[in-house]
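# Working through the structure, step by step
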Amino acid sequence: MPINKRASQTDRSVIFTRALKLALGALFLIALNSAATAQEPKGITEGVHPLLREPIDLTEGCITADCHAPLVAEEFVHFPECEDCHDLEDEATHLFTLNSGSPDLCYACHDEPEDAKFIHGPVAHGDCMVCHNPHSSPIEFLLEEPGNKHCYSCHTEMEEHVSLAEVQHGTEEDFQCTKCHDVHWEDQEFLLVSDMPSLCLECHEEVGEIIEHATVPHEALTTDKKCVNCHNPHGSNEPKILADKQVNQCLECHNEPMETEYGEIGDMKTWMAENPVHHGPIEEGNCAACHNPHGSQNFRLLSQAYPKKFYNKFDAENFQLCWECHEQTLVMDEKTTTLTGFRNGEDNMHYLHVNRDKGRSCRACHEMHAGTKPLQMKDQVPFGKWAFDLNFEKTESGGSCAPGCHEELAYDRVEPFPQGRPGEETPAPEAIPAAVPAAAPVAAPIVTSEAK
Amino acid sequence: MKSLQGLQAFLVGGFIWTALLINPQRTFAIYNMKVGDPMPEFNLPKAEEPSERFNSKELIGKPSAVIFWRPGQEFSLEALRELETVIKEIGTDKVNTVSVDVSRSSNEELHSVFKDGPLSYPVLLDPERALYGKVGVIVAPTTLMFDAKGILRFVAPSFPGQYKRVALARFRFLLGEIDQDEMERRISPAVLKIEHEQALAWRRYNLGRKLEENGKATDAMGLYELAISDYPQLVQAQCSLGFLKLAQGELQPAAAFFETALGYQPAFSEANLGKAAVLVRLDRFDEAKTILLKLKEENPVAIRAYYELGRLYQAQGQTGKALEAYEAALAKLYPETPAEDENKNR
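Cut-off values and rules
- Residues numbered from 1 in each chain as written.
- Chains lettered and ligands numbered in written order.
- Predicted model: local features only at pLDDT ≥ 70, side-chain atom pairs only at ≥ 80, totals over all residues.
- Heavy atoms only, no water.
- Helix = DSSP H or I, 4+ residues; strand = E, 2+ residues; numbered from the N terminus.
- Buried < 20%, exposed > 50% of the residue type's maximum accessible area, 1.4 Å probe, protein only.
- Contact = heavy atoms within 4.5 Å.
- Areas by Shrake-Rupley, 256 points an atom, 1.4 Å probe, with all protein chains shown as cover.
- Core = buried A, V, L, I, M, F, W, Y, C linked by side-chain atoms within 4.5 Å.
- Salt bridge = Lys/Arg side-chain N within 4 Å of Asp/Glu carboxyl O.
- Axes fitted to C-alpha atoms, helices over the stretch in contact; angles between N-to-C directions.
- Parallel < 35°, antiparallel > 145°, perpendicular 65-115°, else oblique.
- Left-handed = near helix turned anticlockwise from the far one by under 90°.
- Nonpolar A, V, L, I, M, F, W, Y, C, P; charged D, E, K, R; others polar.
- Pairing = 2+ DSSP bridges.
- pLDDT = per-residue confidence, 0-100.
- Disulfide = S-S within 2.5 Å.
- Phe/Tyr/Trp six-rings, centres within 6.5 Å; stacked < 30°, edge-to-face > 60°.
- Lys NZ or Arg CZ within 6 Å of the ring centre and 35° of its normal.
- Expected span 1.5 Å × (residues − 1).

## Description of the overall build of chain B
Of regular secondary structure, chain B possesses 14 helices and 7 strands. Taken across its 346 residues, chain B has 52% of its residues classed as buried. Summarising the internal contacts of chain B: among those between residues at least 6 apart in sequence, 59% fall at separations of at least 24. Carbon together with sulfur atoms contributes 51% to the accessible area of chain B, which is approximately 16100 Å² in total.

Take a look at the structure:
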């Protein structure tokens, strides 16, 4: 990103103006000594400051209309008297000096950093005047510029970043640098006013609630940069001020197998790259559709309830995660012509497999993240330490499978197969045998130790 | 070998993600329609007044959106709200929109959704899921977007965080307000990243300038040196160091900083000015004059360029020309203030 080149050379003029005047003065003196131009320039008395053409009556005070009144003309005025900071050195030449240099002069009244771990640059260099006007200012705290603009005068990259960001951190009123950063010194890096995540949770209470009640925490919140691992508090082009596209953000860490207290997590990046048929939310790059990155009371940080086991007595409440997007009646209606393509005529095959005492969880047959078959049908079904082939084949109006659970059975939405086979009756749900392990173990993206 | 495989996986993954993000042909969220199909005909009752019906033909003639949703589902409700803001932003007269409640919710449930205000677009009822089935909806919400001729152009399943951004960009594309490239750029804007080394260098340089203005040249010099150690291409810091060295009378180090800056940016005015200033002090007047005459009309370096020209003429004994140059410098420095008055309040 190009950096804002705010700094201009014109400001240097303040420094060399004096030199310029001296040079001009010198030139006048040369001119005075020249016979050809031996006329004294009007209004200049040699060797005397122009302001001292008339004696200055110091009893009048410094703040008179003709003298230093403009210095204290703004709304916010530094309250000390002039002599609290300035000493009269020579009345004849009206020479005043500061009692002491900055910052000692300031620390005579204001606190100074003592054991602070992190000190803001201007303070570290002892130059309070970088930010504050010692006399008066239209801005509170005698600052030179209002609000964030003041900070941007040095932090130029931030001004550009904030102006480019489509997603801002709160409203303009809320987004004040000083809400999160101390301007003088702090014990937290980046002068944060408190440690993360507590700093963020002061405003984001709802996230605090989630973290507090989570039985399955997300390590990203407690390691490295914590909240800033995922979010860019200065704004971004992504929803929720994510620092990058959500899926990239997740895969930045989930790009290798991980051992956690809650089980092993596979290398999701490779898995998704090698398996082109993705679950809808993943197609959208939206991992947070199913996982709560701030913590959860469900395994795998799932945002809603989902059965942990392979077999479960059916209860729609246990599938709340799926109902976030899918229609619940998908497994509630025994007959349908519209709810699902997985039907044999009007017989709802999802109902048959799930809505029963020994109901299967969705991931018995579907890959939750990505697979190679249509509808993310699994190649192999993990069953304990084993896995068996699903042998799913899709046809124009239906499909078939031949897993370890039952012999090869087919379904067709247009020309239904009686009981899955021509010429035979559809078996009652109870007649479907329990899964039988077959074939070799398989490396699933998430090791489903709970699939027992 | 392992790193090669990693790179391979990265490239394949990156390609798939990019392709998926921008490819409008995705129809994984519906199983009975695909992009390019005509809008299915329907004639559904309105939730507000079930005796009134809405016919699909009413959507033709403008780009349109049909959102399938159900009450009691947070993603659906958020999608409805965001679609409402999208339509208002686009202009309600420019597009046609309907929502289709595919639940079997009671009237109370349905009306509770709109207790804070009705939508600007009709809510249709599809309790038998006739349209739902024709489309082959898999998830709710699902948003279909059709062009003015009623051809399916985009399918947006569920409610990802970028729902509003995507819907806005697609509508604007269908309205012909933006081309496909711009639509894709809006859907997937570049990731904003700060180059930290550059940023740190700029901060140090900016602080250095303020310290220099406050008379702390030594501190400023330290910061400029740190800045160029982080980011040597920061020609402003190179030049600031050059001018400070020049002020200390160290002509060779000053020249080196200006030359380094010119190596990065040959046309950088401040570096050329610094070089000329060094040349003036080395009595290489002709070279200096050539540079300064070019710079004297170039803001913001013109002030100092005139000043250096003044020095040059003064050193050559051309007092009149020197005086003119100094006055020109002052006139540029204080364009509306007489030179005498600016001493006040200092």
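## Quick word on the nonpolar core
If you look at the biggest cluster of nonpolar residues, it comprises 59 residues, and the most contacted ones within it are Phe42, Phe68, Val100, Val135, Leu144 and Phe171 of chain B. Beyond its immediate stretch of four places on either side in the chain, Phe68 of chain B contacts Val100, Val102, Leu131, Tyr132, Val135, Val137, Ala140, Pro141, Thr142 and Leu144 of chain B.

## Brief notes about the pattern of salt bridges
If you walk through the whole model with that rule in mind, you get 28 salt bridges over all chains. When the shortest N-O distance is used, the salt bridge between Lys296 of chain B and Glu297 of chain B registers 3.4 Å. Residues joined by salt bridges that share partners form a network here, namely Glu238 and Lys245 of chain A together with Arg165 of chain B.

## Some words on the packing of helix α11 (residues 269–281) of chain B against helix α12 (residues 285–295) of chain B
Residues and elements named next belong to chain B. Two elements in contact, α11 and α12, have axes whose closest approach is 8 Å; the angle formed by their N-to-C orientations is 150°. Classified by the angle their axes make, α11 and α12 are roughly antiparallel. Relative to α12, α11 is oriented so that their crossing is left-handed. Packed against α11, whose contacting residues are Ser269, Asn272, Leu273, Lys275, Ala276, Leu279 and Val280, the element α12 presents Phe285, Glu287, Ala288, Ile291, Leu292 and Leu295 at the interface. Per-class residue counts for the contact of α11 with α12 are 9 nonpolar, 2 polar and 2 charged.

## Considerations on the sheet that holds strand β18 (residues 398–401) of chain A
Residues and elements named next belong to chain A. In spatial order, the strands read β17-β18-β19; together these 3 strands make up an open sheet with antiparallel pairing. Whereas interior strands pair on both sides, the edge strands pair on one side only; in this sheet they are β17 (393–395) and β19 (409–412). The average angle at which neighbouring strand axes cross in this sheet is 15°, direction not considered. Relative to β19, β18 runs antiparallel, the two sharing 4 bridges. Within the sheet, the bridge partner assigned to Gly399 lies in β19 and is Tyr411.

## Concerning the sheet that holds strand β3 (residues 64–69) of chain B
Residue and element names in this part refer to chain B. With mixed pairing, the 5 strands of this open sheet are ordered in space as β5-β4-β3-β6-β7. The open sheet has two edge strands, β5 (123–125) and β7 (152–157), and neither has a second partner. Adjacent strand axes in the sheet meet at a mean angle of 20° when their direction is disregarded. Summarising the sheet, β3 and strand β4 (residues 96–101) pair through 6 bridges and their orientation is parallel. Its bridge partner being in β4, Phe68 is matched across the sheet by Val100. Where helix α2 (residues 74–90) meets the sheet, it contacts β3 and β4, and its direction lies at approximately 165° from that of β3.

## Looking at the confidence of the model for chain A
All names here are of chain A. Of all residues in chain A, 80% attain a pLDDT of 70 or more, and the chain-wide mean is 81. Between residues 1–15, whose pLDDT stays under 50, and residues either more than four places distant or in other chains, the model counts 45 contacts. For residues 425–452, every residue scores under 50 in pLDDT, and the model assigns this stretch 77 contacts once sequence neighbours within four places are set aside.

## Quick word on unusual backbone geometry
Backbone torsion omega between Met196 of chain A and Pro197 of chain A reads 5°, so that peptide bond is classified as cis. The step from Ala140 of chain B to Pro141 of chain B runs through a cis peptide bond, and the omega angle for that step is -5°. Position of Pro141 of chain B among the secondary structure elements: in the loop between α4 (130–135) and β6 (142–146). Positive phi outside glycine occurs at Lys240 of chain A, with the angle close to 60°. Take Lys240 of chain A: it is sitting in the loop between α9 (205–213) and α10 (246–253). Residue class for Lys240 of chain A comes out exposed when judged on its relative accessible area of 66%. Notably, Ile241 of chain A is not glycine yet its phi reads approximately 40°, a positive angle. Mapping Ile241 of chain A onto the fold places it in the loop between α9 and α10. Given the relative accessible area of 11%, Ile241 of chain A is considered buried.

## Observations regarding the packing of α12 of chain B against helix α13 (residues 302–315) of chain B
Residues and elements named next belong to chain B. One can describe the packing of α12 onto α13 by two numbers: an axis separation of 9 Å at closest approach and a directional angle of 150°. What the angle tells us is that α12 and α13 run roughly antiparallel. Judged by the twist between their axes, the crossing of α12 over α13 is left-handed. In contact with Phe285, Ala288, Lys289, Leu292, Leu293 and Leu295 of α12, α13 contributes Ala302, Ala305, Glu308, Leu309, Leu312, Tyr313 and Ala315. Looking at the contact of α12 with α13, its residues break down into 11 nonpolar, no polar and 2 charged.

## Section: the state of the cysteines
Tallied over the full model, the rule gives 0 disulfides over all chains. With no disulfide of its own, Cys239 of chain B lies closest to Cys154 of chain A among cysteine sulfurs, the gap being 19 Å. Take Cys239 of chain B: its relative accessible area is 0%, and that puts it in the buried class.

## Quick notes on the packing of aromatic side chains
Aromatic ring pairs are reported here in terms of the distance separating the ring centres and the angle at which the planes meet. Applying the stated criterion across every chain, the model contains 16 aromatic pairs over all chains. With a centroid separation of 6.2 Å and an interplanar angle of 85°, the aromatic rings of Tyr306 of chain A and Phe319 of chain A are classed as edge-to-face. With a gap of 13 residues between them, Tyr306 of chain A in the loop between α12 (280–283) and β10 (311–312) and Phe319 of chain A in the loop between β10 and α13 (320–323) connect regions that are remote in the sequence. The burial state of Tyr306 of chain A is the same as that of Phe319 of chain A; both residues are buried. Put simply, the rings of Phe299, Tyr306, Phe314, Phe319 and Trp323 of chain A pair up and form one aromatic cluster. Sitting over the face of the ring of Tyr311 of chain A, Lys358 of chain A holds its NZ or CZ atom 4.5 Å from the ring centroid. Here the basic side chain of Arg129 of chain B rests over the ring of Tyr132 of chain B, its NZ or CZ set 5.6 Å away from the ring centre.

## With respect to the pairing of β18 of chain A
The alternating pattern of β18 of chain A places Gly398 and Ser400 of chain A on one face and Gly399 and Cys401 of chain A on the opposite face, and all of these are buried. Hairpin connection, β17 of chain A to β18 of chain A: the antiparallel pair is bridged by 2 residues.

## Some details on helix α7 (residues 196–213) of chain B
All names here are of chain B. Counted at 1.5 Å a residue, the expected span for α7 with its 18 residues is 26 Å, and the 26 Å between its end C-alpha atoms agrees. Turning to α7, its buried residues are Gln198, Ala199, Ala201, Trp202, Tyr205, Asn206, Leu207, Gly208, Arg209, Lys210, Leu211 and Glu212. One or two positions beyond α7, positive phi appears at Gly215, with a value near 90°.

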